[in-house]
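Structural description and commentary
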Amino acid sequence: MRTENLITVKDFCVYHNVAYTFVEYLADAGLVKVTTVNKTHCIPIDEIQKLERLVRLHSQLEINEPGVATINNLLEKLEDMEQEMSVLRSKLRLYEK
């Protein structure tokens, strides 16, 4: 993995004013991917948007870590259902014509 596609966890935590342990919890729970490069924990760029959403739930809405994990699970299920509905609508349009 190329290092220009990574942000260190420390830099992310400083920028977003969030505890390092919060990001560790999310990584341990499997909610975000954290990789290690030269003994430094890093976050892939494609995980940043998801991590920022989880940080907002935690800091702005004051939701604890297990609550953030539960909400994330529900949001993922909702996104999956929306995609499935889109596919089903497309198939239905084929039969309507």
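First, a word on scope: everything that follows refers to the structure included in this document. Position numbers for residues start from 1 in each chain and track the written sequence from start to end. At least 70 in pLDDT is required for a residue's local features to be given in this predicted model, at least 80 for side-chain atom pairs to be given and counted, and no such filter applies to totals for whole chains, interfaces and linings, which use all residues. Note that the side-chain values use all heavy atoms of the structure and ignore hydrogens as well as water.

**Quick notes on the overall build of the protein chain**
- In DSSP terms, a helix is any run of H or I states spanning at least four residues, a strand is any run of E spanning at least two, and both are numbered starting from the N terminus. Assigned secondary structure in the protein chain consists of 4 helices and 3 strands.
- Atoms considered for the radius of gyration are the C-alpha atoms alone. The globule rule reads 2.2 Å times the number of residues to the power 0.38. The C-alpha radius of gyration of the protein chain comes to 17 Å, more than 25% above the 13 Å expected for a compact globule of 97 residues.
- Expressed as lengths along the three principal axes of its C-alpha atoms, the size of the protein chain is roughly 60 × 35 × 20 Å.
- In the protein chain, the share of contacts with a sequence separation of at least 24, taken over all contacts with a separation of at least 6, comes to 55%.
- Averaged over its 12 positive side-chain charges, the protein chain has a centre that lies 6 Å from the centre of its 15 negative ones. For this analysis, residues touch if any pair of their heavy atoms sits within 4.5 Å. Under the convention used here, Asp and Glu are negative, Lys and Arg are positive, and both His and the chain ends fall outside the count. Taken as the charge centre is NZ of Lys, CZ of Arg, CG of Asp or CD of Glu, depending on the residue.

**Comments concerning the nonpolar core**
- Core analysis: the biggest nonpolar cluster contains 18 residues, and Phe-12, Val-18, Val-23, Leu-26, Leu-51, Leu-54 and Val-68 have the highest contact counts within it.
- Ignoring any residue separated from it by four or fewer positions in sequence, one finds Leu-51 in contact with Phe-12, Val-23, Leu-26, Val-32 and Ile-43. Only buried Ala, Val, Leu, Ile, Met, Phe, Trp, Tyr and Cys residues count toward a nonpolar core, and they belong to the same one when joined by side-chain atoms within 4.5 Å. For every residue, the accessible area (1.4 Å probe, protein chains only) is compared with the maximum for its type, and the residue is labelled buried under 20%, exposed over 50%, or partly exposed between those bounds.

**Concerning the pattern of salt bridges**
- One side-chain nitrogen of Lys or Arg within 4 Å of one carboxyl oxygen of Asp or Glu is enough to make a salt bridge. Inspection of every chain in the model, using the stated rule, returns 2 salt bridges.
- Linking Glu-76 and Lys-50 is a salt bridge whose minimum nitrogen-to-oxygen distance equals 3.3 Å. Here Glu-76, found in helix H4 (residues 65-96), pairs with Lys-50, found in helix H3 (residues 48-59); they are 26 residues apart in sequence, far enough to count as distant.
- The class for Glu-76 is partly exposed, based on a relative accessible area of 31%.
- Exposure remark for Lys-50: the relative accessible area of 22% places this residue in the partly exposed category.
- Between Glu-79 and Arg-53 there is a salt bridge, with the nearest N and O atoms lying 3.4 Å from each other.

**A few points about helix H2 (residues 20-28)**
- Turning to H2, its buried residues are Phe-22, Val-23 and Leu-26. The buried residues of H2 occupy an angular sector of 95° when projected down its axis, which confines them to one face. Exposed and facing more than 90 degrees away from the buried side of H2 are Thr-21 and Asp-28.
- Contacts from the buried residues of H2 go to helix H1 (9-16), H3 and H4.
- Phi turns positive, to about 80°, at Gly-30, one or two residues after H2. The arc in question is the one traced by the directions running from the helix axis out to the C-beta atoms.

**Focus on H1**
- Residues of H1 that are buried: Val-9, Phe-12 and Cys-13. Here the buried residues of H1 occupy an arc of 95° about the axis, which is enough to place them on one side. Residues of H1 that are exposed and point over 90 degrees away from its buried face: Lys-10, Val-14 and Tyr-15.
- Looking at the buried side of H1, the elements it contacts are strand S1 (6-8), H2, strand S3 (40-44) and H3.
- Where H1 terminates, the next one or two residues include Asn-17, which has phi positive at roughly 55°.

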